[in-house]
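What the coordinates show
What follows is each chain in one-letter form.
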Amino acid sequence: MGILPHYKLYQDNDPKHNAHICRLWALYHRPQVIKTTAQSPDLKSIENIWDHLNNIIRKFKISGKNELREQLMSEWDEIEGNVCANLLKSLHKRLNEIIKCKGGPAHC
């Protein structure tokens, strides 16, 4: 996969990531795993990036897997740094919302 040895795997414990084959791969390739809860999308900026990509991709009429893959890769390359920076800046506000909601989803 081309993952550098000093990288850590960020595991959100989503059920599909807990499949035996996934856990086995992580055991042999990424012994340093950071685990979080599966139900905390408010704290995962990557979920917001996927949502951003989803909104962009839905504007295209895509007819197959290869076309979807190419369009996703193209749009991924076009994400501006300020999108990611703004997501990171908003983390403090999202953390406060989760504290206010006593650990539940923000906007309780």
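Keep in mind the model is a prediction, meaning the values are calculated, not measured.

Describing the overall build of the protein
A tally of regular secondary structure across the protein gives five helices and two strands. Helices (α) and strands (β) of the protein occur, in sequence order from the N terminus, as β-α-β-α-α-α-α. For the protein, buried positions account for 19% of its 108 residues. For the protein, contacts bridging at least 24 residues in sequence account for 55% of all contacts bridging at least 6. As displayed, the protein offers around 8,800 Å² of accessible surface, 59% of which is attributable to carbon and sulfur atoms.

Observations concerning the pattern of salt bridges
All chains considered together, the criterion is met by two salt bridges. Put simply, Glu70 and Arg69 hold a salt bridge, and the shortest N to O gap is 3.7 Å. A salt bridge links Lys100 to Glu97; the shortest N-O distance between them is 3.8 Å. With Lys100 and Glu97 both in helix H5 (residues 91-100) and three residues apart, this pair spans about one turn of that helix. In this structure Lys100 comes out as exposed when scored by relative accessible area, which is 57%.

Focus: a nonpolar patch on the surface
On the surface, Ile21, Leu24, Leu27 and Tyr28 cluster together into a nonpolar patch covering about 470 Å² of accessible area. Considering the arrangement of structural elements, one finds Ile21 in helix H1 (residues 20-29). Given the relative accessible area of 62%, Ile21 is considered exposed.

Some details on the packing of helix H2 (residues 45-57) against helix H4 (residues 81-89)
With their axes 10 Å apart at the nearest point, H2 and H4 run at an angle of 140 degrees to one another. In this view, H2 runs oblique relative to H4, as classed from their interaxial angle. Viewed along their axes, H2 and H4 form a crossing whose handedness is right-handed. Of H4, the residues touching H2 (which contributes Ser45, Asn48, Ile49 and His52) are Val83, Cys84, Leu87 and Leu88. Split into classes, the residues belonging to the contact of H2 with H4 amount to five nonpolar, three polar and no charged.

Brief notes about the confidence of the model for the protein
For the protein, the mean per-residue pLDDT works out to 77, and 69% of the residues sit at or above 70. Looking at the elements of the protein, mean pLDDT is at its lowest for strand E2 (residues 33-35), recorded as 62, and at its highest for helix H3 (residues 65-78), recorded as 91.

Things to note about the packing of aromatic side chains
Under the definition given, this model contains one aromatic pair. Relative to Trp76, the ring of Trp50 lies with its centre 5.5 Å away and its plane at 35 degrees, an arrangement referred to as tilted. One end of the pair, Trp50, is in helix H2; the other, Trp76, is in helix H3, with 26 residues separating them in the sequence. Overall, the relative accessible area of 46% leaves Trp50 in the partly exposed class. Trp76 gets classed as partly exposed once you look at its relative accessible area, which sits at 39%.

Definitions and limits used
Residues numbered from 1 in each chain as written. Predicted model: local features only at pLDDT ≥ 70, side-chain atom pairs only at ≥ 80, totals over all residues. Heavy atoms only, no water. Helix = DSSP H or I, 4+ residues; strand = E, 2+ residues; numbered from the N terminus. Buried < 20%, exposed > 50% of the residue type's maximum accessible area, 1.4 Å probe, protein only. Contact = heavy atoms within 4.5 Å. Areas by Shrake-Rupley, 256 points an atom, 1.4 Å probe, with all protein chains shown as cover. Salt bridge = Lys/Arg side-chain N within 4 Å of Asp/Glu carboxyl O. Patch = residues over 30% accessible without salt bridge, like charges linked within 9 Å, V, L, I, M, F, W, Y side chains within 5 Å. Axes fitted to C-alpha atoms, helices over the stretch in contact; angles between N-to-C directions. Parallel < 35°, antiparallel > 145°, perpendicular 65-115°, else oblique. Left-handed = near helix turned anticlockwise from the far one by under 90°. Nonpolar A, V, L, I, M, F, W, Y, C, P; charged D, E, K, R; others polar. pLDDT = per-residue confidence, 0-100. Phe/Tyr/Trp six-rings, centres within 6.5 Å; stacked < 30°, edge-to-face > 60°.

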